Amino acid sequence: MQTIASISSWYANNETLIQEILIYALLAFSIQVALRSGIFSLAGVGFYAIGSYAAGLLVKEQAWPTALAVIAAVLLCALLGWALSVLLVRLRDLYLALATVAFDLMVGVVALNWSSLTGGPLGTVGIPISVTTLTIFITVLGAAAMLALMQRGTIGRTLVAVREDEQLARSLSVNVRRYRELAFVISSMLGALAGAYHALLFTDIQATDAGFELIVLALTMVVIGGFGSWTGALLGAILLTWIPIELTSIGQWWDAVYGAMMIVVATFIPGGLISLVTIAGRASRGRARPSLLRRGSAAAAPPASSSGA
Amino acid sequence: MKDARVAFGGVRALDGVSLTVQDGQLLGLIGPNGSGKSTLLAAISRMIDLSSGTLTMEGRDYTNAPAHLANALGIARTFQTVRLLRTMSVLENVMLGAQAEWVRRGPLATWLWLSRARREEKRARRAAQQALERVGLKDLGRRHPQELPYGPARKVEIARALACEPKLLLLDEPTAGMSQAEREEVGILLSELSKDGLAQVLVEHDLAMIQRVCNRVVALNFGQVIAEGLPAQVAADELVREAYLGHRDAGMEASAPMMEIGRQ
Ligand SMILES: Nc1ncnc2c1ncn2[C@@H]1O[C@H](COP(=O)(O)OP(=O)(O)OP(=O)(O)O)[C@@H](O)[C@H]1O
Ligand SMILES: [Mg+2]
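Residues numbered from 1 in each chain as written. Chains lettered and ligands numbered in written order. Predicted model: local features only at pLDDT ≥ 70, side-chain atom pairs only at ≥ 80, totals over all residues. Heavy atoms only, no water.

Digging into the overall build of chain B
Looking only at helices and strands, chain B has 11 helices and 11 strands in total. Split into buried and exposed, the 264 residues of chain B put 59% on the buried side. Taking the intrachain contacts of chain B between residues at least 6 apart in sequence as the baseline, contacts between residues at least 24 apart amount to 67%. Accessible surface, chain B as shown: approximately 11600 Å² in total, 50% of it carbon and sulfur. (Helix = DSSP H or I, 4+ residues; strand = E, 2+ residues; numbered from the N terminus. Buried < 20%, exposed > 50% of the residue type's maximum accessible area, 1.4 Å probe, protein only. Contact = heavy atoms within 4.5 Å. Areas by Shrake-Rupley, 256 points an atom, 1.4 Å probe, with all protein chains shown as cover.)

This is how it looks when you write it as structure tokens:
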């Protein structure tokens, strides 16, 4: 009884933190699923914004039931995500990253200026709280399960081939375009889910919510956690939501800590922190071989460097 | 392939090449560096577009089909450089070939079709293991490509292409950099495949190997066919001797420049 009581009081004290972690996990999944497929897209953040307005306004202005509003927001973003992937089909690596960042910033500008819909600089406020932590938790579980399936078996291997060597993949029957579209659409839907839940839980949306800072935050989560697996994205979401709260005392220095973490991980642990867990796990099961570390970092070669030679 | 032309800027990499390969035929493709051999394979496998000419496979025109459909028509290939994925085991690399048929169903089927997916996974694993055995690398499945010496790594690529169960196999200098013993093994393998009815195009600098295994040879120079016929005939041809054998001292046996065709 004692432990249950202490767990529930710990939970009560930290509920907001948990909610934020779950929502950021969805956003981080959105970036990770694209990166793992070799798509350097940060459009998930733009869809976070679109999803938050769509769900928030449908619930607030149209009094739609929550579930319907969330589904509508996600489907809308799936469609827009697909259209964007068709539009950007020829872009790769850095060019794709820049184009999708531009998309995110454009969404912000539209939100700021379309006052009649979004409230412009005043934002959309007073959205009824209409989701529970449990709902979000279940969604994160479901999303994680879908992503786990996507990393395994035929589709898992295929997406790695698409990431590492598109031409080789084509020579083995892979319709590269379809796989990239799939990853793009899934990424858009996950971004939309994160935004929709954020709006419906924290009751207001500002046009500046999904700006450059959120792009950097989401990317940092994925890089620090590790883009090779959804577990990395989850770890990144936990660490980067939780640490800033623990370290409020360092205040303005946070950005510097953040940058330092990013540099250290990118330089020394390119597979992200999750790769340390994986390596440690294998070692403890006695399957460690000297090549593991090397392989870990090979697994983490960023998509931009996929020379495939 | 009929009257195929490919140009890169001003370079006419293929300049009106016509070529037919029959079932069970092992066609040797020779020519000096830069004569258009790799470009020819890239054209047949639809990695690059023809500027004119047509491609047919078993009577079907696929001149404008996307590259992944060329594989679906039964065309598999290896590349001039080692292109194995380092993040996967050797067996998984070969499974990329073995799963090709299933992959054609598209991403949604392979992602969500759970029980069928498990069956396919087992089948692909078995087929990949068989392909590895076929190239004589039975026990290397669990290794990673970067742990393999060059020769076995190249054999893994042949296994990957074979795992697609192709009707036409395109091999771009598969034995470059291999030891003499390994070359002979590959030669025997290719002859066996040919007896099984597989059509093959073999790009190869080693004329002895060509003479040993091929039943027809085409010589290219500057993107044009300069000789065609039985291996002995072509090797004796004046033009070929001039264009090709003249380069012998310039290091024909050395591995050719690492150039990738058609990468964007
Ligand atoms: N992607 C490309 N862009 C521009 N030129 C190219 C490209 N690929 C090949 N070429 C040119 O086309 C010609 C034929 O090249 P190809 O690689 O087909 O020759 P090859 O016979 O395979 O030579 P090697 O024996 O060196 O492999 C060469 O002049 C080459 O420089
Ligand atoms: Mg070549």
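Topic: a positive patch on the surface
A cluster of basic side chains, namely R152 of chain A together with R118, K122 and R126 of chain B, defines a positive patch on the protein surface. The topology assignment puts R126 of chain B in helix α6 (residues 114-134). (Patch = residues over 30% accessible without salt bridge, like charges linked within 9 Å, V, L, I, M, F, W, Y side chains within 5 Å. Salt bridge = Lys/Arg side-chain N within 4 Å of Asp/Glu carboxyl O. Lys, Arg positive; Asp, Glu negative; His and termini not counted. Charge placed at Lys NZ, Arg CZ, Asp CG, Glu CD.)

Remarks on the interface of chain A and chain B
Taken together, the 36 residues of chain A in the interface contact 41 residues of chain B. Buried surface at the junction of chain A and chain B, summed over both partners, amounts to about 3400 Å²; 59% is from carbon and sulfur atoms. Contact with chain B buries area across many residues of chain A, yet R157, Q167 and S173 of chain A alone supply 22% of it, more than any other trio. One salt bridge connects R157 of chain A with E121 of chain B, and the closest N-O pair in it is separated by 3.0 Å. (Buried area = accessible area lost by both parts, 1.4 Å probe.)

What about the packing of aromatic side chains?
The geometry of two aromatic rings is summed up by the distance between their centres and the angle between their planes. For the structure shown, the criterion picks out 2 aromatic pairs over all chains. Taken together, a centroid distance of 6.2 Å and an interplanar angle of 80° make the contact between F29 of chain A and W230 of chain A edge-to-face. With F29 of chain A in helix α1 (residues 2-36) and W230 of chain A in helix α11 (residues 230-246), this residue pair connects regions lying 201 residues apart in the sequence. Taking relative accessible area as the criterion, W230 of chain A reaches 21% and is therefore assigned partly exposed. Ring centres 5.0 Å apart and planes at 40° place the aromatic pair F47 of chain A and F103 of chain A in the tilted group. Of this pair, F47 of chain A sits in helix α2 (residues 44-60) while F103 of chain A sits in helix α4 (residues 93-113), and the two are 56 residues apart along the sequence. Of the residues examined, F47 of chain A reaches a relative accessible area of 0% and is grouped as buried. Above the ring of F79 of chain B, the side-chain terminus of R83 of chain B is found at 4.0 Å from the ring centroid. (Phe/Tyr/Trp six-rings, centres within 6.5 Å; stacked < 30°, edge-to-face > 60°. Lys NZ or Arg CZ within 6 Å of the ring centre and 35° of its normal.)

Description of the coordination of the magnesium ion (ligand 2)
Residues and elements named next belong to chain B. Here the magnesium ion (ligand 2) is held by S38 (OG) and Q80 (OE1), and the distances to it run 1.9 to 2.2 Å. Taken as a pair, S38 in helix α1 (residues 37-44) and Q80 in the loop between β7 (75-77) and α3 (90-98) lie far apart in primary sequence, 42 residues in all. Looking at S38, the relative accessible area reads 12%, which means it is buried. (Donors = N, O, S within 2.8 Å, 3.2 Å for Na, K, Ca; no water.)

A few points about the nonpolar core
By size, the foremost hydrophobic cluster in this structure holds 176 residues, and its most contacted members are L26, F29 and M150 of chain A together with Y62 of chain B. For this core, the leading source of residues is helix α9 (residues 176-202) of chain A, giving 15 residues. Summarising the domain contributions, this core has at least three residues from each of domain 1 (1-74 + 166-264) and domain 2 (85-159) of chain B. Beyond its immediate sequence surroundings of up to four residues, F29 of chain A is in contact with V140, A143, A144, L147, L190, W230, A233 and L234 of chain A. (Core = buried A, V, L, I, M, F, W, Y, C linked by side-chain atoms within 4.5 Å. Domains from an automatic or database assignment.)

Focus on the environment of L41 of chain B
All names here are of chain B. Secondary-structure assignment places L41 in helix α1. In the structure, L41 is positioned 20 residues away from D61 in sequence and 17 Å away in space, judged by C-alpha atoms. Not counting residues within four places of it along the chain, the set of residues in contact with L41 comprises L29, R77, L170, L171, D172, V201 and V203.

Quick word on the environment of A145 of chain A
Checked against the element boundaries, A145 of chain A lands in helix α6 (residues 133-150). Residues A145 of chain A and W230 of chain A lie 85 residues apart in sequence; the distance between their C-alpha atoms is 9.3 Å.

What to know about the confidence of the model for chain A
Residue and element names in this part refer to chain A. In this model, chain A carries a mean pLDDT of 87, and residues with pLDDT of at least 70 account for 92%. Helix α3 (residues 66-87) holds the highest mean pLDDT among the elements of chain A, 96, whereas helix α14 (residues 291-299) holds the lowest, 39. Counting interchain partners and residues more than four positions distant, the pLDDT-below-50 stretch residues 287-309 has 45 contacts. (pLDDT = per-residue confidence, 0-100.)

Some details on the packing of helix α10 (residues 212-225) of chain A against α11 of chain A
Residue and element names in this part refer to chain A. Interhelical geometry of α10 versus α11 gives an angle of 120° and a closest axis separation of 7 Å. On the basis of their axis angle, the class for α10 and α11 is oblique. When you trace α10 past α11, the crossing you get is right-handed. Of the residues in α11, those in contact with L217, T220, M221, I224 and G225 of α10 are G232, L235, G236, A237, L240 and T241. (Axes fitted to C-alpha atoms, helices over the stretch in contact; angles between N-to-C directions. Parallel < 35°, antiparallel > 145°, perpendicular 65-115°, else oblique. Left-handed = near helix turned anticlockwise from the far one by under 90°.)

Observations regarding unusual backbone geometry
Located in the positive-phi region is T203 of chain A, a residue other than glycine, with phi close to 65°. Considering the arrangement of structural elements, one finds T203 of chain A in the loop between α9 and α10. The backbone phi angle of E173 of chain B is positive, close to 45°, even though this residue is not glycine. With respect to the element layout, E173 of chain B can be found in the loop between β8 (168-172) and α8 (180-195).

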